[in-house]
Amino acid sequence: MKQIAVIGSGTMGNGIAHTFAQFGYLVNLIDINETALAKALDTIGKNLDRQVSKGTLTAEQKASTLQNIQTFTSLKDGVAHADLVVEAATENVELKLNIFKELDQYAPAKAILASNTSSISITQIAAVTKRGDKVIGMHFMNPVPVMKLVEVIRGYATSDETTKTIMALSENLAKVPVEVNDYPGFVANRILMPMINEAIYTLYEGVAGVYEIDTVMKLGMAHPMGPLQLADFIGLDVCLAILKVLHDGFGNPKYAPCPLLVNMVAAGKKGVKTGEGFYTYTAGSKDLVVSAKFKKS
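What counts, and where the lines are drawn
- Per-chain numbering applies: the sequence of each chain, read as written, is numbered from 1 onward.
- In view of the model being predicted, local features appear only for residues whose pLDDT reaches at least 70, and side-chain atom pairs are presented and counted only at 80 or more, with totals across whole chains, interfaces and linings using the full set of residues.
- Hydrogens and waters are ignored; side-chain quantities use all the structure's heavy atoms.
- Helix and strand definitions here come from DSSP, where helices need a minimum of 4 consecutive H or I residues and strands a minimum of 2 consecutive E residues; each element is numbered from the N-terminal end.
- The classification of residues rests on relative accessible area computed with a 1.4 Å probe and restricted to protein chains. Under 20% of the type maximum is buried, over 50% is exposed, and intermediate values are partly exposed.
- Polar contact is defined as a pair of N or O atoms within 3.5 Å, subject to the rule that within protein one atom must be able to donate a hydrogen and the other to accept it, and that residues adjacent in sequence are counted only when both atoms are side-chain atoms.
- Contacts are assigned to residue pairs that have any heavy atoms within 4.5 Å of one another.
- Take the residue count of a helix, subtract one, and multiply by 1.5 Å to get its expected span.
- Arc definition: it is the arc formed by the directions from the helix axis to the C-beta atoms.

### Here we look at the side chain of Gln 3
Phase 1 of the analysis: Within the secondary structure, Gln 3 sits in strand β1 (residues 3-7).
Phase 2 of the analysis: Note on Gln 3: relative accessible area 16%, which makes it buried.
Phase 3 of the analysis: Among the polar contacts listed, one links the side chain of Gln 3 to the side chain of Asn 28, at a separation of 3.3 Å.
Phase 4 of the analysis: In this structure Gln 3 touches Leu 26, Val 27, Asn 28, His 81, Ala 82, Asp 83 and Leu 84, once residues within four positions along its chain are discounted.

Structure follows, in structure tokens:
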């Protein structure tokens, strides 16, 4: 594999493009929004600068990484010669299904189609294509250039050959691939999201405050980040979407999203991306400040 197409230039998409390009792959980064693509390239450049300053990358490697990335606003043109397409669009079922219908039409017949979805069924996605054996989940963790894990999700029709190819490819990116089967939430989010949801319920029911909940989990359970801070980092809207997938997929009330989470997303308080969630975020500041909504009087 030499030619990689990445659909979506947001946090995950630009991280995936960065990683493939850093390891010598030619990457077409695709988004319908020119401004979003420019922002993605700027982000990649800044992240590469950080690697150079830490001594994990040379200035020459930074330059070659950026040279390996081209941007496209046309999906048809961007995937025309791809060996692998990685979809990293918003976590929305209908959007992903529509993208894969187009990919099946425009990507070469040999191309593997992967989704970076964190919870949506790979089997359902594959069913809208005529190449179910070549559809697979490739769930990277955020931030992609740093985090080692790739959850490789086999849909019902995914072939052994496709799985072996993506496992080997992930290793070529200096990642650790873990093969899992296609059930709601896979492994990572099936375990993580109920924990985050329970932390939100613990706050909602007045058991403890934001700082206290996160401190217990950091110091008592050796988590590098508390569950409420992590929820802000992931995006509260993303957490809500994944919990809905779990709740719908299993029909089990234990996955029902906490009403506080539902209200916060409805109010536009989605975490880091909006500047406020359980904490408030100020550009240029690394201080962790509990949102005024949750501060004790």
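### Some points on unusual backbone geometry
Phase 1 of the analysis: The omega angle of the peptide bond from Asn 142 to Pro 143 is 0°, so this bond is cis rather than trans.
Phase 2 of the analysis: As for its placement among the helices and strands, Pro 143 is situated in the loop between β6 (135-140) and β7 (149-154).
Phase 3 of the analysis: Positioned with a positive phi, Phe 186 is a non-glycine residue whose angle comes to about 55°.
Phase 4 of the analysis: With respect to the element layout, Phe 186 can be found in the loop between β8 (176-181) and α8 (188-204).

### Some points on helix α7 (residues 160-172)
Phase 1 of the analysis: Relative to the 18 Å expected for 13 residues at 1.5 Å per residue, α7 spans 18 Å between its end C-alpha atoms, a close match to the ideal helical length.
Phase 2 of the analysis: Thr 162, Thr 163, Ile 166, Met 167, Leu 169 and Ser 170 are the residues of α7 that are buried. The buried residues of α7 occupy an angular sector of 165° when the element is viewed end-on, so they sit on one face. In α7, the exposed positions angled more than 90 degrees off the buried face are occupied by Glu 161, Lys 164 and Glu 171.
Phase 3 of the analysis: Looking at the packing, one finds that the buried side of α7 touches α1 (11-22), β4 (84-87), β5 (112-115), β6, β7 and β8.
Phase 4 of the analysis: In the segment just after α7, Ala 174 is the residue with positive phi, at about 65°.

The quantities given are spatial measurements derived from coordinates; they are silent on function.
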